[in-house]
Amino acid sequence: MTVTPRVVALASIALTLAVVYGLWYAFSVVLVALLNEFGWSRSTLAGAFSVFMLMHGGLSPVVGALCARARPSRVMAAGGVALSIALLGVSLVAQPWQLYLSFGVVTAAAVASCGWVPSLVHVQRSFPDRLGLAMGIASAGVGVGIFVVVPAFQALIDAFGWRAAFRAFALICLLWIVPSSLLLLREPARGAATRARDTT
């Protein structure tokens, strides 16, 4: 695959998915930190993650509908801003209901907005000729995120505490997801005629 603007865009999407879904799986280490600080029950903390999963799944069709009306990169940029704000909110948690709201609801909505669905739509529109390969590269970002982000989050917790870890990743989301998504807007939209021409 020759390095072209759309290949660079694909790499940026993979990195965005690495950050977003790395944060998703980092909840496993956050759970331990919250247990140690607040002494909440595991069922309370697991409940927050369950709400997150339900919200993420329930909002995915809504995000898909938004991507049908607007460029998916615009949806991802808005999701990046929302995710940054949501993570800052999580860093201020002191009560279980605050965790349910900031992580279970707001973070889930933000992840859905800058995660798999808009990424999938963008890849389908940009790589109709090599869709399978492009999808494989993009989805590899999720695995990279689990491999890199989760231990990085744990290292930040060990060094500075879980609140600082959330604030650090809020900044990362703002500095990476938003600019990289806006960069995708520079890639011209590929209509049906373009896709048909690419496959011939």
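The structure under discussion appears in the preceding block.
Numbering of residues starts from 1 in each chain and follows the order in which that chain's sequence is written. In keeping with the model being predicted, local features are shown solely for residues with a pLDDT of at least 70 and side-chain atom pairs are shown and tallied solely at 80 or more, while totals for entire chains, interfaces and linings include all residues. With hydrogens and water stripped out, all remaining heavy atoms of the structure feed into the side-chain values.

Participant: Could you give an account of the overall build of the protein, with specific residues and numbers?
Facilitator: Put simply, DSSP marks the helices as runs of H or I at least four residues long and the strands as runs of E at least two long, and each gets a number from the N terminus on. Helix and strand content of the protein: 9 helices and 0 strands. Reading the secondary structure of the protein in the N-to-C direction produces α-α-α-α-α-α-α-α-α. Restricting the calculation to C-alpha atoms gives the radius of gyration, and the globule rule supplies 2.2 Å times the number of residues raised to the power 0.38. Expected size for 200 residues packed as a compact globule is a radius of gyration near 16 Å; at 18 Å, the protein falls within 12% of this value. Across its three principal directions, the C-alpha atoms of the protein cover 60 × 30 × 25 Å. In the protein, which comprises 200 residues, the proportion classed as buried is 45%. Burial here depends on accessible area, computed with a 1.4 Å probe over protein chains only, as a share of the maximum for the residue type. Under 20% is buried, over 50% is exposed, and the range in between is partly exposed.

Participant: Give me the side chain of S113: which residues, what numbers.
Facilitator: On the secondary structure map, S113 appears in helix α5 (residues 96-114). The exposure class assigned to S113 is buried, which follows from its relative accessible area of 19%. Among the polar contacts made by the side chain of S113, one reaches the main-chain carbonyl oxygen of A109 at a distance of 2.9 Å. Filtering out sequence-adjacent residues up to four positions away, S113 remains in contact with V63, V75, M76, G79 and P118. As used in this structure description, the phrase polar contact means that two N or O atoms lie within 3.5 Å; if the pair is within protein, one of them must be able to donate a hydrogen and the other to accept it, and residues adjacent in sequence are counted only when both atoms belong to side chains. Pairs of residues are marked as contacts when any of their non-hydrogen atoms sit within 4.5 Å.

Participant: With reference to specific residues and values, describe the environment of I177.
Facilitator: Mapping I177 onto the fold places it in helix α8 (residues 162-184). Spatially, the C-alpha atom of I177 lies 25 Å from that of L31, the residues being 146 residues apart in sequence. For I177, the residues in contact, after removing those within four places along its chain, are T16, V19, V20, M76, G80, L83, C114 and I172.

Participant: So, a nonpolar patch on the surface: which residues are in play, and what are the values?
Facilitator: Here a patch means residues that are over 30% exposed by relative accessible area and free of salt bridges, tied together within 9 Å if like-charged and within 5 Å if nonpolar (Val, Leu, Ile, Met, Phe, Trp, Tyr). Reported accessibility uses the Shrake-Rupley method at a 1.4 Å probe radius. Residues are deemed covered only where the shown protein chains occlude them. For this document, the term salt bridge refers to a Lys or Arg side-chain nitrogen within 4 Å of an Asp or Glu carboxyl oxygen. A grouping of V81, I85, L171, L174 and L175 is seen on the molecular surface, where their side chains present a nonpolar patch of about 460 Å² in accessible area. Sort the elements by how many residues they give to the nonpolar patch and α8 lands first, with 3 residues. By the element assignment, I85 lies in helix α4 (residues 72-90). Classification of I85 by relative accessible area gives exposed; the value is 56%.

Participant: Let's hear about the packing of aromatic side chains: which residues, and what values?
Facilitator: Centre distance within 6.5 Å is the pairing criterion for rings of Phe, Tyr and Trp, where only the six-membered ring of Trp is used; planes under 30 degrees apart are then read as stacked, over 60 as edge-to-face, and the remainder as tilted. Under the definition given, this model contains 12 aromatic pairs. Residues F38 and W162 carry aromatic rings whose centres are separated by 6.1 Å and whose planes lie at 65° to one another, so their mutual orientation is edge-to-face. Here the residue F38 occupies a position in helix α2 (residues 27-38), and W162 occupies one in helix α8, the gap between them amounting to 124 residues. Given a relative accessible area of 5%, W162 falls into the buried group. Summarising the aromatic geometry, the rings of F49 and F52 are spaced 5.9 Å apart at their centres and angled 5° between planes, so their arrangement reads as stacked. Pair noted here: F49 and F52 are both in helix α3 (residues 42-69), with a separation of 3 residues, about one helical turn.

Participant: Please provide a residue-by-residue account of helix α7 (residues 131-160), values included.
Facilitator: Between the first and last C-alpha of α7 there are 42 Å, a value that for 30 residues agrees with the 44 Å anticipated at 1.5 Å per step. In α7, a bend of some 35° at G145 exceeds every other bend along the element. For α7, the complete set of buried residues consists of A134, M135, A138, G141, V142, G145, V149, V150, F153 and I157. Against α1 (5-25), α2, α6 (116-126) and α8 lie the buried residues of α7. Between the first and last residue of a helix there are one fewer steps than residues, each counted as 1.5 Å, and that sum is the expected span. At every residue, the bend is computed as the angle between two fitted axes, covering the seven residues ending there and the seven beginning there respectively.

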